[in-house]
2 protein chains.
Amino acid sequence: MNKLYVVGIGPGEYEQMTVRAINALKGSDTIIGYTVYVDLVKEHFPGKEFMTTPMKKEVDRCVMAFQEAMKGKTVSMICSGDAGVYGMSGLMYEVGKDYPQVELEIIPGVTAATGGAAVLGAPLIHDFCLISLSDLLTPWEKIESRLLHASEADFVICLYNPSSKKRHDYLMKACDLMMRYKKEDTVCGIVGNIGREGENMKIMTLKELRNTSVDMFTTVFVGNSQTKEINGKMVTPRGYRDV
Amino acid sequence: MNKLYVVGIGPGEYEQMTVRAINALKGSDTIIGYTVYVDLVKEHFPGKEFMTTPMKKEVDRCVMAFQEAMKGKTVSMICSGDAGVYGMSGLMYEVGKDYPQVELEIIPGVTAATGGAAVLGAPLIHDFCLISLSDLLTPWEKIESRLLHASEADFVICLYNPSSKKRHDYLMKACDLMMRYKKEDTVCGIVGNIGREGENMKIMTLKELRNTSVDMFTTVFVGNSQTKEINGKMVTPRGYRDV
């Protein structure tokens, strides 16, 4: 059977890839991905064939991967972070219905939530939600409902895709929704360019976050009612100390 | 400054560690952890000093790590999965308040949610919540509220610690709560021993999950209203196909 790997390469730097991901790429003839991610890994895998498609051409990219695998090549489709968190592995199974001869293997990686959490301290130690603010593929009403329910239930919330050119005020809208249940001084954090050049982080209150501009390379963390700042780090306790 | 790494070693097998995690362990004099996790990595890091504490001795383990670092050693505290997801990094910051001379560095890893998702297919492609069913450190009322809100908002839900000797009926209780909002035939999946010997997975409906016994090495995935089964895999669509 032809083998097609869907590989989460982690936040960006080579050191954050797993051994399993590296071995899959080393064992592949062809590595396919969004241009930016291919550029991140290229230098570490000399001699490979690289193929790219631009953003928003996700279906084309998947079809390309299956077609290359059908030629008898071992192929890796790469995604940043984890292939299964807002990544390509779901679409690969859908497109794969037309290519039953190709066996998919999903290789997990470090996603922005856990990669960013490590930069901020320990914000995700207890129950948390991931919510994407992109309404390109999800109705805004559904995003709104998730923000409200997650806030009411006191989850730590990690926001993916908090901003874009067309959605410059979405983080502000999201903060206003979360503040219906979360206090203004809830400890929050933002991390930019996780695991890449220019990595940066900042801790602030939810009220301050509301008035902060972030770009699309930023991941946002909103604490629960127990999250605190310890020596400049964002920490959600699990409770061991009280036991 | 003395260096203390808190390292997520991933689900278990060496291949699922990141290069960064491996380098941290290679560069350490002493590796500290829960006995089971130390046994998982021991053979790959010969010549290191290994120290263990049993389960439920988390604070002691953290203090031990800081005390070893204070002796001038480079120390790694290891956690399974990611150090920041129900892991030790939060407690390390709390205990670390007493050891300002020691610099903490958190090294993220593949957590059971994304590791297990890769085994099941692609269940976490859209917004999801992680909820631990352990009420050792969290009041059950809070867990219940989170299960209900997450279900009402149609999140995919990933359950950690779904069972233990004392909590053999907790998964059943959780399923009953989720079924107030999620349909009985919601696609669910369980994965046991992720990335370890005996790895196994099964896909079923939420109603079937309710009547399924799982052990403490199992991670449970409950789909959203759009999650489906494709060729024996659990897949949550993101919507590209409809664009």
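Residues numbered from 1 in each chain as written. Chains lettered and ligands numbered in written order. Predicted model: local features only at pLDDT ≥ 70, side-chain atom pairs only at ≥ 80, totals over all residues. Heavy atoms only, no water.

(A) Region of interest: the nonpolar core. Ranked by internal contacts, the top residues of the largest apolar core, which has 52 residues, are A:Leu209, B:Leu147 and B:Leu209. Discounting chain neighbours no more than four positions away, the residues touching B:Leu209 are B:Leu171, B:Cys175, B:Cys188, B:Ile190, B:Met204, B:Val220 and B:Val222. Listed in part, the 36 residues of the second largest apolar core include A:Leu124, B:Val85, B:Tyr86 and B:Phe221. (Core = buried A, V, L, I, M, F, W, Y, C linked by side-chain atoms within 4.5 Å. Buried < 20%, exposed > 50% of the residue type's maximum accessible area, 1.4 Å probe, protein only. Contact = heavy atoms within 4.5 Å.)

(B) How the structure looks around helix α4 (residues 89–96) of chain A. Taking burial as the measure, the eight residues of α4(A) include eight buried ones, the bulk of the element. What α4(A) keeps buried is the set A:Ser89, A:Gly90, A:Leu91, A:Met92, A:Tyr93, A:Glu94, A:Val95 and A:Gly96. (Helix = DSSP H or I, 4+ residues; strand = E, 2+ residues; numbered from the N terminus.)

(C) How the structure looks around the packing of aromatic side chains. Inspection of every chain in the model, using the stated rule, returns 10 aromatic pairs over all chains. Positioned over the ring face of A:Tyr170 is A:Lys173, at 4.4 Å from the centre of the ring. (Phe/Tyr/Trp six-rings, centres within 6.5 Å; stacked < 30°, edge-to-face > 60°. Lys NZ or Arg CZ within 6 Å of the ring centre and 35° of its normal.)

(D) Fine view of a nonpolar patch on the surface. All names here are of chain A. Nonpolar side chains collect at one region of the surface, where Met55, Met216 and Phe217 lie side by side and expose about 300 Å² of accessible area between them. Within the fold, phenylalanine 217 resides in the loop between α8 (206–210) and β11 (218–222). The class for phenylalanine 217 is partly exposed, based on a relative accessible area of 46%. (Patch = residues over 30% accessible without salt bridge, like charges linked within 9 Å, V, L, I, M, F, W, Y side chains within 5 Å. Areas by Shrake-Rupley, 256 points an atom, 1.4 Å probe, with all protein chains shown as cover. Salt bridge = Lys/Arg side-chain N within 4 Å of Asp/Glu carboxyl O.)

(E) Spatial organisation of the interface of chain A and chain B. Each side of the interface is counted separately: chain A has 68 residues, and chain B has 68 residues. When chain A packs against chain B, the two sides together hide about 6200 Å² of surface, and 60% of this comes from carbon and sulfur. Its salt-bridge partner being A:Arg146, residue B:Asp127 comes within 2.9 Å of it at the nearest N-O pair. When the residues that make up the side of chain A that touches chain B are grouped by side-chain class, the tally is 31 nonpolar, 21 polar and 16 charged. In this structure, strand β7 (residues 128–132) of chain A lies alongside strand β7 (residues 128–132) of chain B, joined through three bridges in antiparallel fashion. Residue pairing for β7(B): A:Leu130 is matched across the bridge by B:Phe128. (Buried area = accessible area lost by both parts, 1.4 Å probe. Nonpolar A, V, L, I, M, F, W, Y, C, P; charged D, E, K, R; others polar. Pairing = 2+ DSSP bridges.)

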